[in-house]
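# Overview (structure and organization)
Spelled out from the first residue to the last, the chains are:
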Amino acid sequence: MRVHVVETGRVQIKASQIVGQGHGLRRRLAPFSDTEWSDWLPVNAYLIEHRDGVILVDTGVSAGLKRLPRWHPYFRWCVRFDIEPEEEAGPQLRALGVASADVRRVVLTHLHIDHDGGLGHFPNSEILVSPGELQRASGLAGRLRGFLPERWPKAFDPKPLVLDSGPYGPFARSKRLTADGAIVAVATPGHTPDHLSIIVEDGEKAVFIAGDASYNEATMLAGAIDGVSDDESQATTTLAAIRAFAASRPTIYLPAHDPDAVRRLARAAASREIADPCLATPVGAIATESGLLS
Ligand SMILES: [Zn+2]
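Residues numbered from 1 in each chain as written. Predicted model: local features only at pLDDT ≥ 70, side-chain atom pairs only at ≥ 80, totals over all residues. Heavy atoms only, no water.

### Topic: the overall build of the protein
- Across its full length, the protein holds ten helices and 13 strands.
- Judged by the C-alpha coordinates and their principal axes, the protein covers about 50 × 40 × 40 Å.
- Split into buried and exposed, the 294 residues of the protein put 55% on the buried side.
- Put simply, 65% of the contacts in the protein that link residues at least 6 apart link residues at least 24 apart.
- Carbon and sulfur atoms make up 51% of the accessible area of the protein, which amounts to about 12,400 Å² in all.
- The positive charge centre, built from 31 side chains, and the negative charge centre, built from 36, are 3 Å apart in the protein. (Helix = DSSP H or I, 4+ residues; strand = E, 2+ residues; numbered from the N terminus. Buried < 20%, exposed > 50% of the residue type's maximum accessible area, 1.4 Å probe, protein only. Contact = heavy atoms within 4.5 Å. Areas by Shrake-Rupley, 256 points an atom, 1.4 Å probe, with all protein chains shown as cover. Lys, Arg positive; Asp, Glu negative; His and termini not counted. Charge placed at Lys NZ, Arg CZ, Asp CG, Glu CD.)

### What to know about the coordination of the zinc ion
- The zinc ion binds to the protein through His110 (NE2), His112 (ND1), His191 (NE2) and Asp212 (OD), with metal-donor distances spanning 2.1 to 2.2 Å.
- Its four donor atoms give the zinc ion angles of 90 to 172° at the centre, a pattern that matches the irregular case.
- Of note, the donors binding the zinc ion are all from one chain and are spaced H-x1-H-x78-H-x20-D. With His112 in the loop between strand S5 (103–107) and helix H5 (113–116) and Asp212 in the loop between strand S11 (205–211) and helix H8 (217–222), the pair connects residues that are 100 residues apart, well separated along the chain.
- Judged by its relative accessible area of 18%, His112 is buried. (Donors = N, O, S within 2.8 Å, 3.2 Å for Na, K, Ca; no water. Tetrahedral: all angles 85-135°; square planar, octahedral: opposite > 155°, others 65-115°.)

### Some details on the pairing of S5
- Extensive coverage of S5 is indicated by the burial of four of its five residues.
- Where strand S3 (residues 53–57) and S5 come together, four bridges link them in parallel fashion. Within the sheet, the bridge partner assigned to Val54 lies in S5 and is Val103.
- Note: S5 against strand S6 (residues 126–129), three bridges, orientation parallel. (Pairing = 2+ DSSP bridges.)

### As for the environment of Arg27
- Note on placement: Arg27 falls in helix H2 (residues 24–33).
- On the accessibility criterion, Arg27 (2% relative accessible area) is buried.
- A C-alpha to C-alpha distance of 9.2 Å links Arg27 and Ser229, two positions 202 residues apart in sequence.
- Not counting residues up to four positions away in its chain, the partners in contact with Arg27 are Gly20, Gln21, Gly22, Ile225, Asp226, Gly227, Val228, Ser229, Asp230 and Glu232.

Written out as structure tokens, the structure is:
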């Protein structure tokens, strides 16, 4: 089984979105008045080559997102994207030797615009989305919440991903996605109420594809919630569950916007083992963005 990083352009957000400042509504409003922008961060999707077929987790952004709706205060003041058409998920996969038609399934951690932006490249793939997330993101209410359902492909009709396989480790709900059970969707509510993450088991080791459960590994380890989560206690519980999971087995942690994700995966591939994120520090230059896990 192989896992690849698929970097689809870059994003800048406010520092107070990465690490929430204060609590409640004050935390949610802080990014609007914050003048400190983050560095340009990657917008990563992750490709899993599995014998059941290729699975893409998230689809990144599209070049169309360089022009965002100005009527929405978040899009106007709190986020910037930088991406060219050739950096979208479809062309990136072709560079890896994977045609869009070869992607059997696309699993979306949530429906924020930097995760569903590349859906148009995968018209023939089975798309899996949490039903609660789809409901929250749809219609006018979805647009007001900062989703862009009007930009979904016309044929967008995702299959409900219901987490009905019971608890998985410290996660209350899960769903095995492959016949061998090695790829598991787990509930990681917080960033959005129905946010999910994907765990790739590799023997006793694991790759944890985190979406926006946290923006990077350090904030997960610190238990620092972001500036957009609806429910602080839910987000805190999720970050604690991820730490408990990572403590239970060697885990490589791959959020969508962590600049160190590429190095972490490449190093795991180079050493033929998956590093414990608690011990992980980036080392040296990398030659590849692909990770050979077994
Ligand atoms: Zn998000």
